[in-house]
Amino acid sequence: MTKVLMKGNEELGEAAIRAGCIHFFGYPITPQTEVPEYLVKRYAEVGGTFVQAESEVGSINMIYGAAGTGVKCLTSSSSPGYALMAEGMSYIAACELPCVVINIMRAGPGLGGILPAQSDYWQATKGHGHGDYRVIVLAPSSVQEAVDLMILAFELAEKYRNPVLIVADGMIGQMMEPVEFPVEGVGEPMKDNDWALTGCEGRERRIVNSLYLSPEKLNEHNLKLHEKFAEITKNEVRSELYGTPGEYDLLITAFGTMARICKTAIDEVRDEGLRVGLFRPITIAPYPYEALREAMDALPDGGKVFDVEMNMGQMLDDVRLAGEGTREVIFHGTAGGIVPSPDEVAAKIREILKP
Amino acid sequence: MTGATQESPQTGTGPLLRPGNTNCGGCGMSIALNVLGRALEGRSIQMVVPACCAIVTVGSYPASAYGVPLVSSTFASAAAVGTGLARAARMNGDPTRVVCWAGDGGTYDIGMAAVSAAAERNEDLLYVCYDNEIYGNTGGQRSSATPPGARTTTTPHGKLQEKKDILAIMAAHRIPYVASLSLAHLDDATRKMQKALDLEGFRFLHLLTPCPTGWKSEPAEGIELVRQAVSSGLYPVYEVESDGRVVINVEPDMSDDTLARYFAAQGRFRKGQVVLERVRASIDASWKTLRLRASNGEDDDRDA
């Protein structure tokens, strides 16, 4: 298979087409605008629906509508724009509709800046909108992985009838990197959609609705959503361990671009005899608590965990939950669009291991 | 300097738009800000600017080029944030003059609900829309103010839809003042800017502001393009009083040659993409309505 060199955002758009998504609704915001800009051109070639909405509230609700008809659909945005999609995400999850949403994270809060950040971790994994629901959240750490996870995202969305969110920092969106697409051409449309609103001639009508005025019925619905997420947690948790259990004296935890930088730092200090492993969640929701705990348990007595993020310590909560107080967790983070260099991480590793 | 309220190192009096901003060469919005700055003549204002070129290239902390107090608001909400400012100031008895300064994306599209609602409540706001017919700072996507035929990154083959008639929409709110201002007719623009500054209630001003980057036009030709848009009839310059009376401020000569030159000078219109006869028919239709409104419904022989 041949490699293609494009910008991360464009490769995400192409991956959506390969996954069979020919319905896109979006709105401009830096640093994700190349996704719609790429798709409007490609859809002119392969056939597809492209709508530039009047706002992110518009785009997520267009997705709500399109998803209700049982087609593969996509929207993309960046932090402040994704924040505007919160209510729509809640409705889509409540109605159990499949869709894929991309958040190319930039530095916040507020208008913030346009450089890469990971400061929407809490929003992506714990929040989005109101109510008790969960979203599958995938966090790629390279453009190739972003492409692969895009294909997976559409499969998971369809399988579980649940929104899937891809969170990548602006680095992945803006970086040019060669990738291989695992599939050729335009992918298959959604198969398993016998719940979709397609016109009811000859059968009972179908209704997409999340209003339950009876507390018992709403409780039942919440339980159903809860059980579904338990099933997702059982089947779909993904993570990577860089290093061999028993052969590291410090365990770094990081996700996305930050994890990739940490790998370089780990290689850098290996020559000095420092043995460091890396645990990287690929699904940041559901979070791989068990796998992380196992990786922590493989540390020697007194071995520490070092969490590195491009925020002020958000995944840190989940790392501590996984460790349940058994390990000291040290944190290093940057904000504002500053991406720590491998040297900076290596220096911190030396501080911890050679005090 | 604590919390989110920070004092810009540049203090004191001076021009509204200071040197050192990062606006593109020939930016129509910069010229429009200078028109506002000159019209102030000692009047103090407080500005609300949503996420748009006017904040990204002018107002990024700490190098804000604005010479007045300013709130940078969310994209959708200049009119809502302005409402909060103006209401709180009134309650405190502070004399205040709040100016919302937003682009076409923040007015025609994402900000429409907030603008319409503030107008309906007749908030004490001067709302200025600088219309460069494109999402500028994200690299040039279509807005509902982009004219038909224009190529943008999300309309690579030219936009199909007409642009919204924002002045008609705002006039339908029956607010104290609605006007379009031409950067090529500075006396008229300054007079209307000052009139709007001194009125109370919701006032809406619209300026066509050339964007050489998005229009793919010569930076030095911006004012000339506005002059062509006005004289060909494409950009009607008029004001609407609170009683709905329309006053046309600049009479166009409706020249087809000028119209052709306007389109030819901009790279965003590919040759053959814009059918001038169709544009002329659309201009004539809107002027027919405008003349009727200007004559209080009486027949007007000028467009016969």
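About the criteria used
Residues numbered from 1 in each chain as written. Chains lettered and ligands numbered in written order. Predicted model: local features only at pLDDT ≥ 70, side-chain atom pairs only at ≥ 80, totals over all residues. Heavy atoms only, no water. Axes fitted to C-alpha atoms, helices over the stretch in contact; angles between N-to-C directions. Helix = DSSP H or I, 4+ residues; strand = E, 2+ residues; numbered from the N terminus. Parallel < 35°, antiparallel > 145°, perpendicular 65-115°, else oblique. Left-handed = near helix turned anticlockwise from the far one by under 90°. Contact = heavy atoms within 4.5 Å. Pairing = 2+ DSSP bridges. Buried < 20%, exposed > 50% of the residue type's maximum accessible area, 1.4 Å probe, protein only. Right-handed = clockwise from strand over helix to strand, strands pointing away. Core = buried A, V, L, I, M, F, W, Y, C linked by side-chain atoms within 4.5 Å. pLDDT = per-residue confidence, 0-100. Domains from an automatic or database assignment. Salt bridge = Lys/Arg side-chain N within 4 Å of Asp/Glu carboxyl O. Polar contact = N/O pair within 3.5 Å; in protein donor to acceptor, adjacent residues only side chain to side chain. Nonpolar A, V, L, I, M, F, W, Y, C, P; charged D, E, K, R; others polar. Expected span 1.5 Å × (residues − 1).

As a further point, take the packing of helix α3 (residues 56-68) of chain A against helix α5 (residues 86-94) of chain A. All names here are of chain A. Where α3 contacts α5, the two axes come as close as 8 Å, and the packing angle between them is 15°. Put simply, α3 runs roughly parallel to α5. In this structure, the crossing between α3 and α5 has a hand that is left-handed. In this structure, α3 contributes Ile-60, Asn-61, Ile-63 and Tyr-64 to the contact, and α5 contributes Gly-88, Met-89, Tyr-91 and Ile-92.

A few words now on the sheet that holds strand β1 (residues 46-50) of chain B. Residue and element names in this part refer to chain B. The eight strands lie next to each other as β2-β1-β3-β4-β6-β5-β7-β8, forming an open sheet whose pairing is mixed. Pairing within the sheet leaves two strands with one partner each, and these edge strands are β2 (70-73) and β8 (246-248). Pairs of neighbouring strands in the sheet enclose a mean axial angle of 15°, with direction left out of account. Direction of pairing for strand β7 (residues 238-241) relative to β8: antiparallel, over a ladder of three bridges. Within the sheet, the bridge partner assigned to Tyr-238 lies in β8 and is Ile-248. Packed onto the sheet, helix α11 (residues 276-294) meets β7 and β8 and runs at close to 115° relative to β8.

Residues and elements named next belong to chain A. The alternating pattern of strand β10 (residues 250-253) places Leu-250 and Ile-252 and Leu-251 and Thr-253 on opposite faces, both of which are buried. Regarding the hand of the β-α-β motif, the stretch spanning β10, helix α10 (residues 256-270) and strand β11 (residues 276-281) is right-handed. Examined bridge by bridge, β10 and strand β13 (residues 304-309) share four bridges and lie parallel to one another. The residue of β13 that forms the bridge with Thr-253 is Asp-307.

All names here are of chain A. The strand order across the open sheet built from five strands is β9-β11-β10-β13-β14, with neighbouring strands paired in mixed fashion. A strand with exactly one partner marks an edge of an open sheet, and here the two such strands are β9 (239-242) and β14 (329-333). The average angle at which neighbouring strand axes cross in this sheet is 20°, direction not considered. Looking at chain direction, β9 and β11 are connected through four bridges and run antiparallel. Across the sheet, Leu-241 pairs through a bridge with Phe-279, a residue of β11. Against the sheet, α10 touches β9, β10, β11 and β13, its axis set at about 170° to β11. Helix α13 (residues 342-353) rests against β10, β11, β13 and β14 of the sheet, and its axis sits at about 160° to β13.

What follows concerns the nonpolar core. Core analysis: the largest hydrophobic core is formed by 87 residues, its most contacted members being Leu-36, Met-47, Trp-101, Tyr-127, Met-170 and Phe-202 of chain B. Examining the composition of this core, we find that seven residues originate from one element, helix α1 (residues 28-40) of chain B, more than from any other. With near-sequence residues (within four places) excluded, Met-170 of chain B lies in contact with Met-112, Val-115, Ala-119, Ile-175, Val-178, Phe-202 and Phe-204 of chain B. Counting 45 residues, the second-largest nonpolar core is a separate cluster that includes Ala-67, Leu-165, Ala-285 and Ala-322 of chain A.

Now for the confidence of the model for chain B. Residue and element names in this part refer to chain B. Per-residue pLDDT for chain B has a mean of 92; in total, 93% of the residues score no lower than 70. When the criterion is pLDDT under 50, residues 8-12 qualifies, and its contacts beyond four places in sequence or with other chains add up to ten contacts. Low pLDDT (under 50) marks residues 300-304, which in the prediction has six contacts with non-local residues, meaning those over four places away or in another chain. Note on the complex model: pTM 0.93, ipTM 0.91.

What follows covers the pairing of strand β2 (residues 23-26) of chain A. Both faces of β2 of chain A are covered, namely the face carrying His-23 and Phe-25 of chain A and the face carrying Phe-24 and Gly-26 of chain A. The handedness of the β2 of chain A to strand β3 (residues 49-52) of chain A crossover, carried by helix α2 (residues 34-46) of chain A, is right-handed.

This brings us to the domain arrangement of chain A. All names here are of chain A. Assigned domains within chain A: domain 1 (4-236) and domain 2 (240-353). With centres defined by C-alpha atoms, the gap from domain 1 to domain 2 works out at 28 Å. Between domain 1 and domain 2, the contact holds 33 residues from the first and 25 residues from the second. With a shortest N-O distance of 2.8 Å, Asp-318 and Lys-126 are connected by a salt bridge. Remark: the boundary between domain 1 and domain 2 carries 15 residue pairs in polar contact (both at pLDDT 80 or more). Here the side of domain 1 that touches domain 2 is built from residues that sort into 20 nonpolar, six polar and seven charged.

For the α-helix, the turn length of 3.6 residues means that residues three or four positions removed from each other point alike. Residues and elements named next belong to chain A. Across its 13 residues, α2 extends 18 Å between first and last C-alpha, which sits within 8% of the 18 Å expected from 1.5 Å per residue. Those residues of α2 lying buried are Glu-34, Val-35, Pro-36, Glu-37, Tyr-38, Leu-39, Val-40, Arg-42 and Tyr-43. Contacts made by the buried residues of α2 are with β1 (4-7), α1 (8-18), β2, β3, β4 (74-77) and α8 (170-174). Immediately downstream of α2, the backbone of Gly-47 shows phi near 85°, a positive value.

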